[in-house]
2 protein chains.
Amino acid sequence: MRFSRLRLLKEVLAFATTVLFFTAVAGAQSDPLPSWNDGPTKQAIVDFIQKTTDKSSPTFVAQEERIATFDQDGTLWVEHPIYTQVLYCLDRVPTVVKERPDLAKVEPFNTVLSGDREAIAKLSMDDLFKILAATLTGMSVDKFNAEAKKWLESAMDPRWKQPYTKLTYLPMIELLKYLRANGYRTYIVTGGGQDFVRAYSEEVYGIPPEQVVGTMSGTKYGYDKEGKPFLTKEPELLLNDNNAGKPEGIHLMIGRRPCAAFGNSTGDRQMLEYTKAGDGARLAMLVFHDDAKREYAYGPAQGLPDTKIGTFTQELYDEAKRNGWIVISMKNDWNRIFAFEN
Amino acid sequence: MRFSRLRLLKEVLAFATTVLFFTAVAGAQSDPLPSWNDGPTKQAIVDFIQKTTDKSSPTFVAQEERIATFDQDGTLWVEHPIYTQVLYCLDRVPTVVKERPDLAKVEPFNTVLSGDREAIAKLSMDDLFKILAATLTGMSVDKFNAEAKKWLESAMDPRWKQPYTKLTYLPMIELLKYLRANGYRTYIVTGGGQDFVRAYSEEVYGIPPEQVVGTMSGTKYGYDKEGKPFLTKEPELLLNDNNAGKPEGIHLMIGRRPCAAFGNSTGDRQMLEYTKAGDGARLAMLVFHDDAKREYAYGPAQGLPDTKIGTFTQELYDEAKRNGWIVISMKNDWNRIFAFEN
């Protein structure tokens with residue numbers, strides 16, 4: 001009798017464990033966005049997926065048309081206090097000067113070599129473009145790729161003591177995966193250099209090189225001493241993938257209008273406008289950095305400080321509210337920011 | 001007894017029918033390239049697929065790296081006696097002149113309007129570029145797309161009395177499908193206008209707009225009277241996707257080196273070189289138009305006439321033989337050319 005009860009108990013326990021297990025699994029499956037707090041922002045994403053992937057929906061979208069575009073800096077990962085790509089270029093200056101010693105005495109290279117942080121912070125946009133051109137071009141595509149990857153493996157962000165590639169926003173990574181699980185192809189559409197972002201996009205975001213639309217410069221086909229062909233990165237600018245350049249870059253590289261677009265600054269305005277101007281259900285979202293404690297707070301919308309990088313003006317904020325674009329409050333909509341934090 | 005025999009006979013017949021059916025299905029599956037004659041050319045394709053998709057092969061290629069690029073004119077469809085896109089532009093001249101009457105008295109537009117075929121055939125490349133610029137730009141991307149589609153539905157090739165979109169080579173369509181069935185992503189890499197080819201690539205080849213790399217011109221973002229954004233096609237040339245422009249365009253749009261490349265003229269040389277210069281198993285093929293009866297015969301390689309369109313020089317022929325590129329003889333390697341012919 002005891003044995004039988006014990007056995008019954010065991011079986012009940014086993015059954016309960018099984019039920020709990022499957023409930024947990026089903027629970028996990030039912031929330032693809034666990035780092036997003038419940039509320040209208042998260043609901044808008046879930047509704048958009050339902051409206052565009054449910055065959056009975058009047059705004060159903062065929063799978064081949066399911067395109068979602070994401071700005072990178074400030075939308076998928078941290079852009080403050082300075083763009084990662086600019087850090088990379090500054091770090092590369094000594095190497096470039098070793099190969100071209102004539103640059104050592106010329107501005108802005110001598111300022112960068114001086115290591116004077118205040119002076120470096122004051123460099124003009126023109127100076128910055130000179131540095132970008134000198135450090136990102138003039139080498140083979142393969143060499144560029146290998147050097148960018150090497151730098152990304154070792155460089156560390158001083159605030160979080162993490163490689164820059166770990167400073168991605170967990171809620172946005174969940175969103176990328178959620179979209180892809182629903183047949184969307186996810187693209188990066190960034191003002192950053194296309195080849196620089198391609199060096200890590202597949203590993204970091206699961207976004208392959210052919211789905212990275214960035215600021216594009218030319219390459220030049222040629223042959224090495226053994227007659228083996230290779231491509232050299234040229235300083236010639238083909239497309240500045242910012243502002244109006246974003247929809248232009250999208251047309252050039254994708255040839256379709258996105259159904260959903262995500263950004264965080266005035267540089268993304270045209271991409272969001274272009275996306276929303278299409279027929280049917282459209283989703284346009286802007287990440288608003290209002291979380292000084294867990295990340296950064298900047299605008300100048302809503303009275304936040306204007307930090308010049310990733311500018312989110314009050315005008316953009318008002319346009320978003322007027323046009324049904326959704327402003328994501330980092331502080332209120334996200335319960336976690338980074339995967340490395342528990 | 002008779003009943004039983006009859007029943008046995010029926011069962012045997014049913015079984016035999018089943019066997020025949022499955023044999024037929026298996027037979028169809030075992031030859032994905034029925035329009036290709038057996039021989040070393042067809043075998044090279046089958047071997048390449050085996051070498052790059054069999055996990056036990058030392059030259060196995062991960063699915064994300066499986067990229068195959070195809071020139072269009074003369075490789076996937078007929079390019080003689082004149083490129084389809086040029087025909088389209090010539091046909092559009094009256095419409096353009098209606099909108100811009102000042103062009104009617106200016107060369108080369110007055111020659112085109114005269115309808116004098118001999119004079120039109122003698123127009124220079126410079127004249128042709130003027131016509132292309134005037135007929136392919138200055139309108140919205142959506143309008144361009146709609147007009148190109150409309151023309152393609154009604155225009156007829158005079159020799160075969162078929163729409164131009166039916167003049168695709170059946171063996172190449174089989175090859176596209178065979179590659180895709182084996183995890184390859186198939187791209188068009190064409191000297192033709194990117195947007196023109198995109199207007200039909202999905203329907204005709206199953207190749208979506210984002211997998212069309214062509215000669216690229218800029219677009220300009222703007223707003224209509226209602227404030228709705230749209231893109232206008234600009235005459236500014238971003239990349240001439242011919243010769244060295246092909247590997248450059250591949251890097252820009254795909255960011256990976258193809259494993260297999262297919263062309264038919266000197267304009268494809270660099271794409272094939274670039275493809276073959278990668279590691280592992282590579283496939284480079286050139287369609288050689290040596291079939292005057294069923295299609296056209298031109299070179300000037302192997303003593304065929306030089307028709308100036310799709311030039312296949314003896315030098316290219318020799319380079320192919322030297323480097324292990326495979327020359328497809330239309331006459332000997334293909335048992336059918338077009339799907340509309342039985």
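This section reports on the structure supplied with the text. The numbering scheme is per chain: residues are counted from 1 as the chain's sequence reads. By the order in which they are written, chains take letters starting at A while ligands take numbers starting at 1. Given that this is a predicted model, residues contribute local features only at a pLDDT of at least 70 and side-chain atom pairs are listed and counted only at 80 or more, while totals for whole chains, interfaces and linings are drawn from all residues. Side-chain figures throughout are based on the complete set of non-hydrogen atoms in the structure, without hydrogens or water.

1. Notes on the relation of the copies chain A and chain B
Rule in force here: A least-squares superposition brings the copies together, and it is based on the C-alpha atoms of residues with pLDDT no lower than 70 in both. Here, residues are in contact when the closest pair of their heavy atoms is within 4.5 Å.
Laying chain A over chain B is done by rotating through 180 degrees and shifting 0.0 Å along the axis; what remains is an RMSD of 0.0 Å. The symmetry that links the two subunits is that of a two-fold axis. A share of 100% of the interface residues of chain A reappears at the interface of chain B, consistent with the copies meeting face to face through the same patch.

2. Remarks on the pattern of salt bridges
Should their charged atoms come close, side chains of opposite charge can pair. To keep it simple, the criterion reads: We count a salt bridge whenever a side-chain nitrogen from Lys or Arg sits within 4 Å of a carboxyl oxygen from Asp or Glu. In this description a helix means any DSSP run of H or I spanning at least four residues, a strand means any run of E spanning at least two, and both kinds are numbered starting from the N terminus. When accessible area is computed with a 1.4 Å probe and restricted to protein chains, residues below 20% of their type maximum are described as buried, those above 50% as exposed, and intermediate ones as partly exposed.
Applying the stated rule across the entire model yields 33 salt bridges over all chains. Its salt-bridge partner being Glu319(A), residue Arg269(A) comes within 3.8 Å of it at the nearest N-O pair. On the criterion of sequence distance, the pair formed by Arg269(A) in helix 11 (residues 269-276) and Glu319(A) in helix 12 (residues 314-323) is long-range, its members being 50 residues apart. Judged by relative accessible area, which is 10%, Glu319(A) ranks as buried. One continuous salt-bridge network, built from bridges that share partners, spans Glu65(A), Arg185(A), Arg256(A), Glu202(B) and Glu210(B).

3. Digging into the nonpolar core
Counted only if it meets this: As used here, the term nonpolar core means buried Ala, Val, Leu, Ile, Met, Phe, Trp, Tyr and Cys residues forming a set that is joined through side-chain atoms within 4.5 Å.
Counting 70 residues, the largest nonpolar core has Met172(A), Tyr205(A) and Phe262(A) as its most contacted members. With residues near it in sequence (within four places) discarded, Met172(A) still touches Trp36(A), Phe70(A), Thr75(A), Leu76(A), Phe262(A), Val287(A) and Trp334(A). Core analysis: the next-biggest nonpolar cluster, separate from the first, contains 66 residues, Leu33(B), Trp36(B), Val78(B) and Tyr298(B) among them.

4. Focus: unusual backbone geometry
In this model, Glu107(A) is joined to Pro108(A) through a cis peptide bond whose omega is 0 degrees. Here the residue pair Gly299(B) and Pro300(B) is connected by a cis peptide bond, since its omega of 20 degrees sits within 30 degrees of zero. At Gln302(B), a residue that is not glycine, the phi angle is positive and equals roughly 55 degrees. Relative to the assigned elements, Gln302(B) resides in the loop between strand 8 (283-288) and helix 12 (314-323). The residue Lys308(B) is not glycine, and still its phi comes out positive at about 75 degrees. Secondary-structure assignment places Lys308(B) in the loop between strand 8 and helix 12.

5. Here we look at the sheet that holds strand 4 (residues 185-193) of chain B
Residues and elements named next belong to chain B. The line we're drawing: Think of it this way: DSSP has to see at least two bridges between two strands before they count as a pair. Note on geometry: axes are C-alpha line fits, over the in-contact stretch for helices, and angles between N-to-C directions span 0 to 180 degrees.
Spatially, the seven strands line up as an open sheet ordered 6-5-4-1-7-8-9, and their pairing is mixed. Single-partner strands in this sheet number two, and they are strand 6 (229-239) and strand 9 (326-329). Geometrically, the sheet is characterised by an average inter-axis angle of 35 degrees between neighbouring strands, direction not taken into account. As judged from the four bridges shared by strand 1 (residues 67-70) and strand 4, these two strands associate in the parallel manner.

6. Regarding the interface of chain A and chain B
Which entries qualify depends on this criterion: Values labelled buried area give the accessible surface lost by two parts on being combined, using a 1.4 Å probe and summing over both. For this analysis, a polar contact is any N or O atom pair within 3.5 Å, provided that within protein one partner can donate a hydrogen and the other can accept it, and provided that sequence-adjacent residues contribute only side-chain to side-chain pairs. All amino acids are sorted into three groups, where Ala, Val, Leu, Ile, Met, Phe, Trp, Tyr, Cys and Pro are nonpolar, Asp, Glu, Lys and Arg are charged, and the leftover types, Gly among them, are polar.
Across the boundary between the two partners, chain A contributes 37 residues, which contact 37 residues of chain B. Counting the surface lost from both chain A and chain B, the interface buries some 3000 Å², and carbon and sulfur atoms represent 54% of this. When the buried area of chain A at its contact with chain B is split by residue, Tyr221(A), His251(A) and Leu252(A) rank highest and sum to 21% of it. Viewed at the interface, chain B and chain A are joined by seven salt bridges. Of the charged contacts, one joins Arg257(B) and Asp142(A) as a salt bridge, the two residues approaching to 4.0 Å between their closest N and O atoms. In this assembly, chain A and chain B are joined by 23 residue pairs in polar contact (both at pLDDT 80 or more). Of all the elements in the fold, those that place two or more residues in the side of chain A that touches chain B are helix 7 (141-154), strand 4 (185-193), helix 9 (194-205), strand 5 (212-223), strand 6 (229-239), helix 10 (245-253) and helix 11 of chain A. In terms of residues, the side of chain A that touches chain B owes the most to one element, strand 5 of chain A, which gives six residues. Across the side of chain A that touches chain B, the residue classes break down as 17 nonpolar, six polar and 14 charged.

7. Looking at the packing of helix 10 of chain A against helix 9 (residues 194-205) of chain B
Heads up, the condition is: Orientation labels follow simple angle bins: below 35 degrees gives roughly parallel, above 145 gives roughly antiparallel, 65 to 115 gives roughly perpendicular, and whatever is left gives oblique.
Their axes nearest at 10 Å, the elements helix 10 of chain A and helix 9 of chain B cross at an angle of 60 degrees. Judged by the inter-axis angle, helix 10 of chain A sits oblique to helix 9 of chain B. Here His251(A), Leu252(A) and Met253(A) of helix 10 of chain A come into contact with helix 9 of chain B, specifically with Gln194(B), Asp195(B) and Arg198(B). Each residue belonging to the contact of helix 10 of chain A with helix 9 of chain B can be placed in one class, and the counts come to two nonpolar, two polar and two charged.

8. Some details on the sheet that holds strand 4 of chain A
Strand pairing in a sheet relies on backbone hydrogen bonds. The paired strands run either parallel or antiparallel. All names here are of chain A. Pairing is mixed across the open sheet formed by seven strands, whose spatial order is 6-5-4-1-7-8-9. Each edge of the sheet is formed by a strand with only one pairing partner; in this case those strands are strand 6 and strand 9 (326-329). The average undirected angle you get between the axes of adjacent strands in this sheet is 35 degrees. Strands strand 1 (67-70), strand 4, strand 5 and strand 6 of the sheet are contacted by helix 10, whose axis makes an angle of about 55 degrees with strand 5.

9. A look at helix 10 (residues 245-253) of chain B
Residues and elements named next belong to chain B. Counting buried residues in helix 10 gives nine out of nine residues, a clear majority hidden from the surface. Buried within helix 10 we find Gly245, Lys246, Pro247, Glu248, Gly249, Ile250, His251, Leu252 and Met253. One or two steps after helix 10, the chain reaches Gly255, where phi turns positive at roughly 75 degrees.

10. Comments concerning the packing of aromatic side chains
Residue and element names in this part refer to chain A. Under the convention used in this document: Any two rings among Phe, Tyr and Trp, with Trp reduced to its six-membered ring, count as a pair given centres within 6.5 Å; such a pair is stacked if its planes are under 30 degrees apart, edge-to-face if over 60, and tilted if neither.
Per the counting criterion, the structure on display carries 36 aromatic pairs over all chains. With 5.0 Å between their ring centres and 25 degrees between their planes, Trp77 and Tyr200 make a pair best called stacked. Pair noted here: Trp77 is in the loop between strand 1 and helix 3 (84-99) and Tyr200 is in helix 9, with a separation of 123 residues, a long-range link. The pair formed by Trp77 and Tyr200 is uniform in burial state, with each residue classed as buried.

11. Description of the pairing of strand 6 of chain A
All names here are of chain A. Alignment of strand 5 against strand 6, held across seven bridges, turns out to be antiparallel. Residue pairing across strands places Lys220 opposite Thr232, the latter belonging to strand 6. Hairpin connection from strand 5 to strand 6: five residues lie between these consecutive antiparallel strands, with Gly227 at a positive phi of about 80 degrees.

12. Some words on the environment of Val204(B)
Residue and element names in this part refer to chain B. For Val204, the position within the fold is in helix 9. Residue classification places Val204 among the buried residues on the basis of a relative accessible area of 18%. In this structure, the C-alpha to C-alpha distance between Val204 and Thr165, residues 39 residues apart in sequence, is 6.5 Å. Look past the residues within four positions of Val204 in its chain and what remains in contact with it is Thr165, Thr168 and Ile173.

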